[in-house]
Amino acid sequence: DTAVSQTPKYLVTQMGNDKSIKCEQNLGHDTMYWYKQDSKKFLKIMFSYNNKELIINETVPNRFSPKSPDKAHLNLHINSLELGDSAVYFCASSQVAGVLETQYFGPGTRLLVL
Amino acid sequence: AQTVTQSQPEMSVQEAETVTLSCTYDTSENNYYLFWYKQPPSRQMILVIRQEAYKQQNATENRFSVNFQKAAKSFSLKISDSQLGDTAMYFCAFRIETSGSRLTFGEGTQLTVNP
């Protein structure tokens, strides 16, 4: 009954490779997000999609490309991985409803670039 | 720009006691929402409690309650009857109505509950 799921949970890869992280939510929410948590545990939003449309795009290198095939999925593809990309990446979802909107997070994907 | 500050990087408390985690924020907006999230060692981000800025009454969820002081821009979390399972990193977060659902997080406070 996982509400927001991410795969894989762990990802170890070499510098220069291309990798993808998948996210799925079964809550019926219309908005999904990607956050990056660095080694100091600081969480920062990267992207947000509402009904498959990009609505937030923070200053993120264009090596990062989100893709939303439908409103239940938001995948993150990263090209030419760099050492600084090592972090924990969290997917989240919410139903945009003003006062009641709350984001629910997935379990995170720990990415280690060697 | 909106900022959230958690001035206590680490705290500890004895089991069954009460602890308060501090959070202050800065904004010129009037309509916004505040949240506390918990991140246990499993790394999952779990919503603990939320507060709407227009509500004067402090939110409570079982052993968790907040002290929301809008004028002081303060939003502290009180955990009563602390349990070992409360050991986690706690993040204060903030969202304004016009931010496109963007959550701004504080730096986090690592809480350890000791037996």
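Residues numbered from 1 in each chain as written. Chains lettered and ligands numbered in written order. Predicted model: local features only at pLDDT ≥ 70, side-chain atom pairs only at ≥ 80, totals over all residues. Heavy atoms only, no water.

**A closer look at the pairing of strand 8 (residues 73-78) of chain A**
All names here are of chain A.
Working step 1: Taken together, the four bridges between strand 3 (residues 19-25) and strand 8 define a ladder with antiparallel strand orientation. Note on strand 8: the bridge partner recorded for Ile21 is Leu76.
Working step 2: Here five bridges tie strand 7 (residues 64-70) to strand 8, and the two strands are oriented antiparallel to one another. The partner of Ser65 across the bridge, within strand 8, is His77.
Working step 3: The antiparallel pairing of strand 7 with strand 8 creates a hairpin that spans two residues between the two strands. (Pairing = 2+ DSSP bridges. Helix = DSSP H or I, 4+ residues; strand = E, 2+ residues; numbered from the N terminus.)

**Description of the state of the cysteines**
Here, the word disulfide means a covalent bond between the sulfur atoms of two cysteines.
Working step 1: Counted under the stated rule, the structure contains two disulfides over all chains.
Working step 2: Covalently, Cys23 of chain A is tied to Cys91 of chain A through a disulfide, its sulfur atoms 1.8 Å apart. On the sign convention where negative is left-handed, the bridge of Cys23 of chain A and Cys91 of chain A, at about -75° about the S-S bond, is left-handed. With a gap of 68 residues between them, Cys23 of chain A in strand 3 and Cys91 of chain A in strand 9 (residues 87-94) connect regions that are remote in the sequence.
Working step 3: Looking at Cys91 of chain A, the relative accessible area reads 0%, which means it is buried.
Working step 4: One disulfide bridge connects Cys23 of chain B with Cys92 of chain B, the sulfur atoms lying 2.0 Å from each other. Every disulfide takes its handedness from the sign of the S-S torsion; for Cys23 of chain B and Cys92 of chain B that torsion is -70°, giving left-handed. Note that Cys23 of chain B is positioned in the loop between strand 3 (19-21) and strand 4 (24-26) and Cys92 of chain B in strand 10 (residues 88-96), a separation of 69 residues in sequence. (Disulfide = S-S within 2.5 Å. Buried < 20%, exposed > 50% of the residue type's maximum accessible area, 1.4 Å probe, protein only.)

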